[in-house]
Amino acid sequence: MDEIVAEFIKRTILKIPMAEMMTILKAWDFLSESQLQTINFRKRKESLVHDLVMLCEEKHANVNDAALLDIIYTQFHRHQKVWDVFQMTKEPGEDIDLFDMKQFKSSFKRILQRALKNVSVTFRDAEENAVWIRIAWGTQCKKPNQYKPTYVVYYSQTPYAFISSSRLRSSIPLLGQALTVASKHHRIVKMDFRSRYLDSLKAIVFKQYNQTFETHNATTPLQERNLGLDINMDSRIIHENIIEKDRVQRVTQEIFGDYPQPRLEFAQYKLETKFKSDLNRGILAERKEPLRCLVKFSSPNLLEALKSLAPAGIADAPLSPLLTCIPQKRMNYFKIKDK
Amino acid sequence: VMSARKRVKSSQTPRTSQHSNSYQTNLLAWKLKEDLSNSRSTSKHGQNSPVEDSEQADADEQAEDALQIAVRYFEKGPFKTSRSKDKTLEKHLKTVESVAWKNGLAPEEIDILLNVALSGKFGSAVNSRLLRCMIPATLISEDSVVKAVSWLCVGKCCGSTKVLFYRWLVAMFDFIDHKEKINLLYGFFFASLQDDALCPYVCHFLYLLTKKENVKPFRVRKLLDLQAKMGRQPYLHALLSLYKFFDPTLISVSLPVKKNIYFKNSENLWKTALVAVRQRNQEPSPEPLKLMLGPATVRPRKRKWNSHSLIPVLNSSSHSKEYGKKGMRLSDYLSRNRAFSGEQLKSFPQLLQNIHCLELPSQMGAVLNNSLLLHYINCVRDESLLLRLYHWLSQTLQEECIWYQVNNYECEKEFTNFLDTIIKAECFLQEGFDSCEAFLYKSLPLWDGFCCRSQFLQLVSWFPFSSFSEVKPFIFDRLAQLFFTSTIYFKCSVLENLKELLQNWLLWLSMDIHLKTVTDSSLETTFSGSMQSVFELIHYVGWLSTNALRLESNSTFLLHFVLDFYEKKVCDIYINYNLPLVVLFPPGIFYLALLSLDSSILNQLCYIMHRYRNNLTAAKKNELILKKKSEFIFSSKTYQEYNHYLTAMVGCLWTSKPFQKGSYFDPEVFKMIGVAKYKTSLNLVHHPALLSYAISFLLKEYPEERTVNVSSIRGKKWNEYLDYLFSEGLQGLKLFIRSSIRHSSVP
Amino acid sequence: MSVLRPQDQLPGLNAATILLVGKEDALLQPLADSMLKEDCASTLRVHLAHSLPLPSDVNRPRIDLIVFVVNLHSKYSLQNVEESLRHVDATFFLGKVGFLVTGAGRDSHCSVHRNSVLKLAQAYRSPLLFCDLEVEGFRVTMAQRLVRMLQICAGHVPGISALNLLSLMRSSENPCLEDL
């Protein structure tokens, strides 16, 4: 085991919080149960790391093993990355080939290696036919940099891939090419859709979050909820706008459904519109140029926040479709122009 | 020493006149630092239980070493080979940041790193990160600041770094040990005002730094020019009004008396750090200090919520510098010490002996807790000291006030204590603080009338004397709104505190008359203006009281508080305070008290009437002697009114001819409602408040009697009955009857 | 739709009814609860409405006091109140209307300036009360004050009327905070 791998393992383990150490090491499944038992986990982290690296050395860990550990760490801390969604398309009339995971992996790797020579690609299969791919980039004459990798999560037999944003923009076209070819697609497009919450992105892209909604009778839960509210309330408090309130509830429910919303943390609207006014006055009216402005909504849970706007009385129901179309359109970056 | 020498070679201090000796101080500081760190670790072991903390101490020592390395790294500057540069730089930066935010940096470390940050050796991102973590462990040495400022002249740092530096200066102002040398650079700072981006921050800094001698005509002109150019910016306004305060004659332009906050809380970058520094400075003094000052300084461990009380503990600079030098003996200490620091001050004689060389704490808030220093501040009347104190006060009040911190209202206790301390200081000085006045203006509309009620109302009672009609809309109207919608207890406490307020105003005015100094020209109060103000205040309280009694259905409890106001303060203004003012109570209160069912109320009323009589006769006498009449204060109306009340009282209680002159009641009405003997029904015997006395009087005379006829009390018996009433403690009644009723007229 | 009038109906026996108008139920509901917890001789009723006019097809008791709740953090809330005010009969403004402003404590969150509410209250000659309803302690004190006002407006305090209270509360025209 060379020094670079040792350093790589050491740094990766250092990142892992103590509370998760055991779980992650077990998931890694590189060190055996009995080996792990020889280690005192109550020691200071520095010496613990030292011991673990020694064990790895004994087992001759290679870069691939280390990269797997890094993937597992990232799987646990996926919300620390910002994920972009990419959509791939096939030529109309193209055959639906059977998907072979092995073939996908090897052709993916081959394409990258052919182009760059120095690149390390690591795969790890995950639940729901997903595969996590870690790519550490190098160049023709430079060894791969293990500390600025790109992660790709690809759900096999779907046209979607999720790629962690990184500063290495130049590598994205190559990555796209490798993905399309390996998964036998024709084109790949970056969607205007990104978030920290990979699972929420996935749920929206695959329309998984509100599935039971269609089959459910929308009126029953609403009435039940209202009844519940009335019982809790003092009879001396009278809501004058109870009908309006019901309407707001209903409209909100129609738009957002009954279930918890997937988490997104921002939405951004770029406005490039001309100024319009009934009164033809003022300096703005004569302006030929469109007005440019950027509106950014952010919240720990944007969709839940939007959902509660109208019931909380902060906005009128129904909300502007621009706000509510995020899950349907599967985008949270918008450009609005005069139409 | 080797490393230190190397360091000296590599450091490139810009040449300015102030720093010819900076090499030497650097070296010295370095040595001192090593001593300090030794002693620090030993004292730590001494204080804590050794078993539990030894590991912690180890970790701390390691961090310390890493810090040393980091500091040296920064000092040497970046290496040419850029490959490993980023990583090392990052590592060292992180070390500095973590130590700074955890323990703060020693003065020498700040000295070095501040130099690095402003010298532009590294990129501006690094500079700003360094500046952000310039958090002192305890203090910052003045020399470091002066050196840093000299870098600003060289022009190696970009605008944003400069801005950040000034914000840092403002935030850390209280932690800089001296300001004399910095003040010498006043001209430089002032010149920086021309930079638009810097202007607000420089203004804030100058606001803190300005002393009277800094105010010069050419500076005023420059400021006015700036204001003309940039519009009425609050920061320029602040500085101008400060100048005007120091030298009113220089600035003829009238500045509106704005009471809002001039500066935004620019220091919030360091807010948490500042709390930590304050906390650190507050920790019990380490061992050597105790020895020097004797056992008196051992401070009892404070309770938890008090452990980071808002008020800093006395800590003046020279002192803490001294104790770092180990092995200095007490005699050395005392003999070489020219400035006498606040912590040493223990008694009033000491204050008198050292008043010429007393050094005030670097954090002005600390004086609030020290009565001797309050004395000092009060008698030296150094405006810059007061301004620093006020500035600190307003900032703290604004930041800590709980109704501005919706998320943080559990710290109510702390804020209450803080207010208590302020009030104590105000009581001690017998004077309100300007900053509290401003605070009241701003926060009274938002006050709910409940939290910190007693403190808040006490602040009102220390409201400085001012023109009543001017402050009425901001203070008293808002108070009235709360008053009318709140509980009776709130009403009582408001009345109680307005009584205090009246007393404070009266005292202030009576002092003023004796000294014959109407000093405060800004108030531009003539004497009759002041009297008018007091008159309006009393009138206002009368208005409040009358309506409060209506709202609370004539509650006796409330009436007591109302009469108390008149009894203790209002009726005796002429005699007690020697001010030519007599204000009577409004009829709504008088008749309510006269017809009250409670004998003590009636008694109180009699006493007040008696005192009014004394005051009015004394005033009349003086008028006759001096042959001069202060027309407004003693209009004949006052006498008429008094006589009117007196007639009503005598008519009711004594002669049994009630309400004849005023003809308030048509006798027919009494006939209609079946009160035939209405004439006697309010006299001393039949008055509902006294009827029980009359009965017990008769029962005492004739214990056997089954039926008592109270109407039998007249003639000689009337006099006996009077004596009986007096013996039951109705002293007010006694005084009233003795003074106002001639005895021949027994009914 | 209909304009709300104070004298449309006879008063109920010992009943005092307040109408709280504001968009945010999360603020109004706890305030209503706190009011009902107050110890009070009158029979209290609290009506909550998002905006005026009220639905016309309902029987409701006579309303003795209307309180408009403005949240300084939301322009929408001020707008809503301004629009609702048009549906209130002028006689209500003889002491039976109040403005309650919440959110003034957190300056940084405010999107409505305090002066605009001040002007609104001045224009309608009605008292303006400040209270951060989110904080329980403040809310309870405010509930207490509102109940007292309500009792007077309902005529349950002998010797003092709504108009009377108004003239006590509305001291000399309040100057703007700017002039402070």
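Residue numbers here run from 1 along each chain, matching the order of that chain's written sequence. Working convention: letters from A go to chains and numbers from 1 go to ligands, in the order in which they are written. In view of the model being predicted, local features appear only for residues whose pLDDT reaches at least 70, and side-chain atom pairs are presented and counted only at 80 or more, with totals across whole chains, interfaces and linings using the full set of residues. The side-chain figures draw on all heavy atoms in the structure; neither hydrogens nor water molecules are used.

Caption draft 1: Examining the overall build of chain B more closely. Note on conventions: DSSP H or I runs of at least 4 residues are helices, E runs of at least 2 residues are strands, and numbering of each starts at the N terminus. Per the secondary structure count, chain B includes 35 helices and two strands. For each residue, the accessible area found with a 1.4 Å probe, counting protein chains only, is set against the maximum for its type, and the residue is called buried under 20%, exposed over 50%, and partly exposed in between. With 747 residues in all, chain B has 52% of them scored as buried. By sequence separation, contacts in chain B at least 24 residues apart represent 74% of the contacts at least 6 residues apart. Working note: accessible area of chain B is about 35,700 Å², and carbon and sulfur atoms make up 55% of it. We call two residues contacting when some pair of their heavy atoms lies within 4.5 Å. Computed by Shrake-Rupley with a 1.4 Å probe, the accessible areas treat only the displayed protein chains as cover when residues are assessed.

Caption draft 2: View of the overall build of chain A. The helix and strand tally for chain A stands at 14 helices and 10 strands. Per-residue burial over chain A gives 42% buried out of 339 residues. Long-range contacts, defined as pairs at least 24 residues apart, comprise 71% of the intrachain contacts of chain A with a sequence gap of at least 6. When the accessible surface of chain A is summed, it comes to about 19,300 Å², and 53% of that surface belongs to carbon and sulfur atoms.

Caption draft 3: Fine view of the pairing of strand β8 (residues 266-273) of chain A. Residues and elements named next belong to chain A. When β8 meets strand β9 (residues 291-298), the two strands line up antiparallel, connected through eight bridges. What sits directly across from Leu271, in β9, is Cys293. Two elements, β8 and strand β10 (residues 333-337), share five bridges in a ladder whose sense is parallel. Bridge pairing in β10 places Glu272 opposite Lys337. Strands are labelled as partners when DSSP assigns at least two bridges between them.

Caption draft 4: Representation of the packing of helix α34 (residues 716-727) of chain B against helix α35 (residues 731-740) of chain B. Residues and elements named next belong to chain B. Axis separation between α34 and α35 bottoms out at 7 Å; the angle between their running directions is 135°. Compared by their axis directions, α34 and α35 come out oblique. Considering how the two elements wind past one another, α34 and α35 form a crossing that is left-handed. The segment α34 lies against α35, with Leu722, Leu725 and Phe726 engaging Gln731, Leu733, Lys734, Ile737 and Arg738. Its residues assigned to classes, the contact of α34 with α35 comprises five nonpolar, one polar and two charged. Between the N-to-C directions of two axes lies an angle of 0 to 180 degrees, each axis being a line fitted to C-alpha atoms and, for a helix, fitted only over the stretch in contact. Each angle gets one of four labels, with under 35 degrees taken as roughly parallel, over 145 as roughly antiparallel, 65 to 115 as roughly perpendicular, and the rest as oblique. Two helices cross in a left-handed way if the nearer one is turned anticlockwise from the farther one by less than a right angle. They cross in a right-handed way if the turn is clockwise. Three residue categories are used. Nonpolar comprises Ala, Val, Leu, Ile, Met, Phe, Trp, Tyr, Cys and Pro, charged comprises Asp, Glu, Lys and Arg, and polar comprises the others, including Gly.

Caption draft 5: Looking closely at the sheet that holds strand β4 (residues 97-102) of chain C. Taken in spatial order, the six strands line up as β7(A)-β2(C)-β1(C)-β3(C)-β4(C)-β5(C) in an open sheet, and their pairing is parallel. Of all strands in the sheet, those bounded by a partner on one side alone are β7 (237-239) of chain A together with β5 (128-130) of chain C. Mean inter-strand twist for the sheet, computed between neighbouring axes without regard to direction, equals 25°. One ladder, built from seven bridges, connects strand β1 (residues 15-21) of chain C with strand β2 (residues 43-49) of chain C; its direction is parallel. Each bridged residue has a counterpart across the sheet, and for Thr17(C) the counterpart in β2(C) is Arg45(C).

Caption draft 6: Layout of the side chain of Ser740(B). Residue and element names in this part refer to chain B. Within the element layout of this structure, Ser740 appears in helix α35. The exposure class of Ser740 is buried, given its relative accessible area of 16%. Polar contact criterion, stated in full: a pair of N or O atoms within 3.5 Å, where within protein one must be able to donate a hydrogen and the other to accept it, and residues adjacent in sequence count only if both atoms are side-chain atoms. Only 3.4 Å separates the side chain of Ser740 from the side chain of Ser739, close enough to count as a polar contact.

Caption draft 7: Spotlight on the sheet that holds β9(A). Residue and element names in this part refer to chain A. Strand order in the open sheet made by the three strands is β9-β8-β10, with mixed pairing throughout. Each end of this open sheet is capped by a strand with a single partner; those strands are β9 and β10. The average angle at which neighbouring strand axes cross in this sheet is 15°, direction not considered.

Caption draft 8: Looking closely at the pattern of salt bridges. Salt bridge, as applied in this entry: a Lys or Arg side-chain nitrogen positioned within 4 Å of an Asp or Glu carboxyl oxygen. All chains considered together, the criterion is met by 28 salt bridges over all chains. With its nearest N and O atoms 2.8 Å apart, the salt bridge here joins Arg60(C) to Glu240(A). Taken together, the residues Arg60(C) in the loop between β2 and β3 (65-71) and Glu240(A) in the loop between β7 and α10 (242-256) connect one chain to another. Arg60(C) sits in the buried class, given a relative accessible area of 13%. Under the relative-accessibility criterion, Glu240(A) is labelled buried at 8%. Bridged by salt links that share partners, the residues Glu90(B), Lys94(B), Glu97(B) and Arg129(B) form one connected network.

Caption draft 9: Looking closely at the packing of aromatic side chains. When two rings of Phe, Tyr or Trp (its six-membered ring) have centres within 6.5 Å they constitute a pair, described as stacked for plane angles under 30 degrees, edge-to-face for angles over 60, and tilted for the intermediate range. Going through the model one piece at a time under the given rule, you end up with 53 aromatic pairs over all chains. Look at Trp392(B) and Phe418(B): their rings are 6.0 Å apart centre to centre, the planes differ by 75°, and that puts the pair in the edge-to-face class. One end of the pair, Trp392(B), is in helix α20 (residues 383-400); the other, Phe418(B), is in helix α21 (residues 412-429), with 26 residues separating them in the sequence. For the residue pair Trp392(B) and Phe418(B), the accessibility class agrees, reading buried in each case. Put simply, a charge is over a ring when the Lys NZ or the Arg CZ is close to the ring centre, within 6 Å, and near the line of the ring normal, within 35 degrees. Above the ring of Phe266(A), the side-chain terminus of Lys296(A) is found at 5.8 Å from the ring centroid. Lying across the ring of Phe130(C), Arg114(C) places its NZ or CZ 5.8 Å from the centre.

Caption draft 10: Spotlight on the packing of helix α5 (residues 107-119) of chain B against helix α7 (residues 142-154) of chain B. All names here are of chain B. Interaxial distance between α5 and α7 falls to 9 Å at its minimum, and their mutual angle equals 5°. Between α5 and α7, the angle is such that the two are roughly parallel. Contacts from Pro107, Asp111, Leu114, Asn115, Leu118 and Ser119 of α5 reach α7 at Asp143, Ser144, Lys147, Ala148, Trp151 and Leu152. Residues belonging to the contact of α5 with α7 are distributed by class as follows: six nonpolar, three polar and three charged.

Caption draft 11: Representation of helix α3 (residues 114-123) of chain C within the structure. Arg114(C), Asn115(C), Val117(C), Leu118(C), Leu120(C) and Ala121(C) are the residues of α3(C) that are buried. Phi turns positive one or two residues past the end of α3(C), at Arg125(C), with a value near 50°.

Caption draft 12: Seen up close, unusual backbone geometry. In this structure, Pro53(C) follows Leu52(C) across a cis peptide bond, with omega equal to 0°. With respect to the helices, strands and loops of the structure, Pro53(C) is situated in the loop between β2 and β3. Look at Cys452(B): it is not a glycine, yet its phi comes out positive at around 55°. Positive phi, close to 55°, is recorded for Asn14(C), a residue that is not glycine.

Caption draft 13: Structural context of the environment of Ser161(C). Residue and element names in this part refer to chain C. Inspection of the secondary structure puts Ser161 in the loop between α4 (136-153) and α5 (162-169). Judged by its relative accessible area of 36%, Ser161 is partly exposed. Along the primary structure Ser161 and Lys96 are separated by 65 residues, whereas in three dimensions their C-alpha atoms are 9.9 Å apart.

Caption draft 14: Quick peek at the pairing of strand β1 (residues 83-89) of chain A. Residues and elements named next belong to chain A. Across the seven residues that make up β1, a large majority, five, are buried. In the sheet, β1 pairs with strand β5 (residues 160-164) via five bridges, with the strands oriented antiparallel. Bridge pairing links Asp84 to Ile163 in β5. Judged from the six bridges that link them, β1 and strand β6 (residues 187-195) form a sheet pairing that is antiparallel.

Caption draft 15: The side chain of Thr17(C), seen in detail. All names here are of chain C. With respect to the secondary-structure elements, Thr17 resides in strand β1. According to the relative accessible area criterion, Thr17 is buried, its value standing at 0%. Among residues more than four places away in sequence, those in contact with Thr17 are Arg45, His47, Pro61, Arg62, Ile63, Asp64, Leu65 and Leu150.

Caption draft 16: Main features of the state of the cysteines. Residues and elements named next belong to chain B. When the sulfur atoms of two cysteines come within 2.5 Å, that pair is taken as a disulfide. Here the structure, examined in full by the defined rule, presents zero disulfides over all chains. Among the cysteines around Cys451, which has no disulfide bond, Cys452 carries the closest sulfur, lying 4.6 Å off. Of the residues examined, Cys451 reaches a relative accessible area of 5% and is grouped as buried.

Caption draft 17: Molecular detail of the confidence of the model for chain A. All names here are of chain A. Think of pLDDT as the predictor's per-residue confidence, scored from 0 to 100. Put simply, chain A has an average pLDDT of 81, and 87% of its residues get 70 or more. Model confidence for chain A, summarised as mean pLDDT per element, is weakest for helix α9 (residues 219-232) at 44 and strongest for strand β4 (residues 150-155) at 92. pLDDT under 50 marks residues 211-231. Its contacts with residues more than four places away, or in other chains, come to 19 contacts.

Caption draft 18: Fine view of a nonpolar patch on the surface. For patch detection, residues must exceed 30% relative accessible area and be free of salt bridges, and they are connected within 9 Å for like charges or within 5 Å for nonpolar side chains (Val, Leu, Ile, Met, Phe, Trp, Tyr). A contiguous nonpolar surface patch, about 400 Å² in accessible area, is contributed by Val669(B), Met672(B), Ile673(B) and Val675(B). With respect to the secondary-structure elements, Met672(B) resides in helix α32 (residues 667-672).

Caption draft 19: Geometry of the confidence of the model for chain B. Residue and element names in this part refer to chain B. For chain B, the average pLDDT comes to 74, and 70% of its residues sit at 70 or higher. Looking across chain B, the model is least confident in helix α15 (residues 287-293), with a mean pLDDT of 29, and most confident in helix α27 (residues 556-568), with 94. Taken as a whole, residues 284-308 scores under 50 in pLDDT and shows 24 contacts with residues more than four places along the chain or in a different chain. Counting contacts from residues 516-524, a segment whose pLDDT is below 50, to residues more than four positions away or on other chains yields five contacts. The ipTM assigned to the predicted complex is 0.90, against a pTM of 0.70.

Caption draft 20: Expanded view of the environment of Ser106(A). As for its placement among the helices and strands, Ser106(A) is situated in helix α6 (residues 101-116). Considered as a pair, Ser106(A) and Ala182(A) are 76 residues apart in the sequence and their alpha carbons are 8.1 Å apart.

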